[in-house]
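Secondary and tertiary structure notes
One-letter residues, chain by chain:
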Amino acid sequence: MDQCGNIVYDEHINASDKSFDNELFRPEIDRGDLRDILLESLKPDTVVWNCHLVTLSQTGNRWKLEFKNGSMAVADIVIGADGANSKVRSVITSVKPFYAGITIFQGNVEDAEAKAPTIHRLLKGGKIYVHSGGKYLHVSSKGDGSIDFYMSSQLDENWVKNSGIDFTDRSQLMERCQKALAGWADIWFELFENVSLPLLIRPQYCVPLDQTWEAHSTITLLGDAAHIMPPSGEGVNLAMLDALELSECLTSGDFKNVQVAIAAYEKQMQVRGLAEAQASLEMVQWMHGEGAMEKMIQLFSEMPS
């Protein structure tokens with residue numbers, strides 16, 4: 001859609017083969033539902049909640065992990081899956097992600113049919129994309145009847161801190177939206193008027209495209225901890241593939257020791273992660289540039305149905 005609320009491309013009118021036998025089928029699942037499915041497949045107490053890792057240190061061949069709640073654990077192998085600000089990553093490498101040039105403002109509208117009926121009807125259970133004036137709005141229906149959305153803008157890294165805006169205050173939020181979205185249709189304000197507060201502010205970071213490190217014998221990374229990048233649609237997929245391939249390397253019996261298994265995993269993980277990071281940076285540029293809407297329509301139009 002354009003910023004005035006006009007539909008410029010509608011995929012709902014295109015018939016498609018919604019079958020898992022079709023390699024072009026694009027099934028989706030809410031992240032929370034997927035997490036629940038995976039968690040329910042585990043043995044009880046496999047996941048221990050409310051344990052925020054503060055420090056880890058190596059003693060001999062084992063790792064001592066200390067948590068914010070005062071508890072402690074000792075491990076033979078540590079796999080850092082603790083996201084963009086990973087404590088585990090800092091032990092493995094000193095290479096730090098850099099600011100990718102955009103900040104995302106993310107929110108959720110509960111009971112969207114009642115609170116944001118215009119957007120709800122337009123979505124039809126799908127997604128809406130808007131590109132205008134260096135901004136990108138992504139709106140998505142969720143299985144629980146809510147709407148998730150985020151708007152990304154090219155801003156200085158410390159813009160939010162220096163803006164003086166309290167994004168937990170709806171009046172300040174709406175004042176900012178009126179200025180930032182001058183010329184946009186009123187329908188888009190339906191999102192910000194009804195979003196659950198606080199609005200989430202997410203400056204986006206990316207790993208250097210030449211990052212590398214020597215494999216360690218008892219510690220490794222996966223997902224955002226290994227290869228944080230701006231949204232490209234592949235982050236969760238990469239993390240799940242990381243987990244699958246790491247588990248296969250550690251359990252296959254094909255490697256003479258754990259360090260060799262980790263090295264084999266990290267080699268392929270780094271290659272695909274850095275390739276996707278580069279693609280995500282390129283996406284940031286064109287999605288916030290001139291002609292972004294036209295390029296998005298072209299991409300959808302070229303997809304086989």
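These numbers were taken from a predicted model, which means no experiment stands behind them.

Take the sheet that holds strand β3 (residues 72-75) next. Pairing in this open sheet of three strands is antiparallel, and the strands run β1-β2-β3 from one edge to the other. Bordering the open sheet on either side are β1 (53-59) and β3, each of which pairs with just one other strand. Put simply, the sheet's adjacent strands are angled 20° from each other on average, direction ignored. Direction of pairing for strand β2 (residues 62-67) relative to β3: antiparallel, over a ladder of four bridges. Along β3, the bridge assignment pairs K64 with V74.

The next thing to look at is a negative patch on the surface. Together, D33, D36, E40, E110, D111, E113 and D144 make up a region of like negative charge exposed at the surface. The element best represented in the negative patch is helix α1 (residues 31-40), accounting for three residues. Examined against the element boundaries, E40 turns out to sit in helix α1.

Its volume calculated, the second largest pocket comes out at about 220 Å³. Looking at the lining of the second largest pocket, the elements with two or more residues in it are β8 (147-154) and α6 (170-180). Per-element accounting of the lining of the second largest pocket gives the leading share, four residues, to α6. For the lining of the second largest pocket, a count of residues per class yields eleven nonpolar, three polar and two charged.

Within β8, six of the eight residues are buried, leaving the element largely enclosed by the surrounding structure. By the bridge criterion, eight bridges tie strand β5 (residues 98-109) to β8 in an arrangement that is antiparallel. Its bridge partner being in β8, I102 is matched across the sheet by Q154. The pairing of strand β7 (residues 135-141) with β8 spans seven bridges and is classified as antiparallel. Bridge pairing in β8 places K135 opposite S153.

A separate point is the packing of aromatic side chains. Counting across every chain of the model gives nine aromatic pairs. With a centroid separation of 5.7 Å and 45° between ring planes, the pair formed by F105 and F167 is classed as tilted. Linking F105 in strand β5 with F167 in the loop between α5 (159-163) and α6, this pair joins segments that are 62 residues apart in sequence. The pair F105 / F167 is uniform in exposure class, with both members buried. Both rings, one in F149 and one in F192, keep their centres 5.2 Å apart while their planes meet at 80°; by these two values the pair is edge-to-face. Note that F149 is positioned in strand β8 and F192 in helix α7 (residues 189-194), a separation of 43 residues in sequence. Taken together, the aromatic side chains of Y9, Y129, Y136, Y150 and F300 make up a single cluster linked through ring pairs.

The rules behind each value
- Residues numbered from 1 in each chain as written.
- Predicted model: local features only at pLDDT ≥ 70, side-chain atom pairs only at ≥ 80, totals over all residues.
- Heavy atoms only, no water.
- Pairing = 2+ DSSP bridges.
- Helix = DSSP H or I, 4+ residues; strand = E, 2+ residues; numbered from the N terminus.
- Axes fitted to C-alpha atoms, helices over the stretch in contact; angles between N-to-C directions.
- Patch = residues over 30% accessible without salt bridge, like charges linked within 9 Å, V, L, I, M, F, W, Y side chains within 5 Å.
- Areas by Shrake-Rupley, 256 points an atom, 1.4 Å probe, with all protein chains shown as cover.
- Salt bridge = Lys/Arg side-chain N within 4 Å of Asp/Glu carboxyl O.
- Lys, Arg positive; Asp, Glu negative; His and termini not counted.
- Charge placed at Lys NZ, Arg CZ, Asp CG, Glu CD.
- 1 Å grid on protein atoms, 1.4 Å probe; cavity = no way out; pocket = protein on both sides within 12 Å on 5 of 7 lines; lining within 4 Å.
- Points joined across faces, edges and corners; volume = space filled by probe spheres on them.
- Nonpolar A, V, L, I, M, F, W, Y, C, P; charged D, E, K, R; others polar.
- Buried < 20%, exposed > 50% of the residue type's maximum accessible area, 1.4 Å probe, protein only.
- Phe/Tyr/Trp six-rings, centres within 6.5 Å; stacked < 30°, edge-to-face > 60°.

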